[in-house]
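Coordinate analysis (summary)
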Amino acid sequence: MKSRYKVDLKGLQAVCGMNYAKLLRLMPGRETRDSWDYSASPNGVHTITIRILDRAPYTTTIAVEQQGNISKWLRDLSLGVRIYHDAEMAEVVNWAQYRQFLGRYPYPNKDMHQMDEKAQLNQFLSDWLSLCIAQGHSLEYPNFTKLGEGI
């Protein structure tokens, strides 16, 4: 018999904490700026944009978006992310038409979410931000790769 999926709360919090640290590196001057553009390819065709959508005393809501079709199967991507400054965490709060993900979904379900959809989306964001730091090129700061050392 298959065991029931259990949310790994410590693991999810660790990923959200790393997402927070990575976003701080990718958002220099975030107190006065509203957007940052990075190239994910040497020719600048695929750009990743981080935009602030809303600022509140303890949270910031942003969009992390990639433009430039990579292939006919992978179109532009966009994730809504809420940054919790007091907890030093950042989590995915929307993707496509879906908002506010549950920690665990029954499976199967009508929207075909995976049982650990929330954890997978936050891990995807972490991997995406790591790619930006390791291989991305700031369209504004030519020496950006020096900022990415250490993550």
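Here goes a summary of the coordinates provided. (Residues numbered from 1 in each chain as written. Predicted model: local features only at pLDDT ≥ 70, side-chain atom pairs only at ≥ 80, totals over all residues. Heavy atoms only, no water.)

**Some words on the pattern of salt bridges**
Applicable threshold: In the sections that follow, a salt bridge refers to a side-chain nitrogen of Lys or Arg positioned within 4 Å of a carboxyl oxygen of Asp or Glu. To qualify as a helix, a DSSP run of H or I must reach at least 4 residues; to qualify as a strand, a run of E must reach at least 2; elements of each kind are numbered from the N terminus. Only protein chains enter the accessibility calculation, which uses a 1.4 Å probe; a residue is then buried when its area is under 20% of its type maximum, exposed when over 50%, and partly exposed in between.
Under the defined criterion, the tally for this structure stands at three salt bridges. A salt bridge links Arg55 to Asp34; its shortest N-O distance comes to 2.7 Å. Taken together, the residues Arg55 in strand β2 (residues 47-55) and Asp34 in the loop between α1 (9-26) and β1 (35-39) connect sequence positions 21 residues apart. Residue Arg55 is classed as partly exposed on the basis of its relative accessible area of 39%. For Asp34, a relative accessible area of 44% translates into the label partly exposed. For Glu65, the salt bridge goes to Arg51, with nearest N and O atoms at 2.9 Å. Pair noted here: Glu65 is in strand β3 (residues 59-67) and Arg51 is in strand β2, with a separation of 14 residues, a long-range link.

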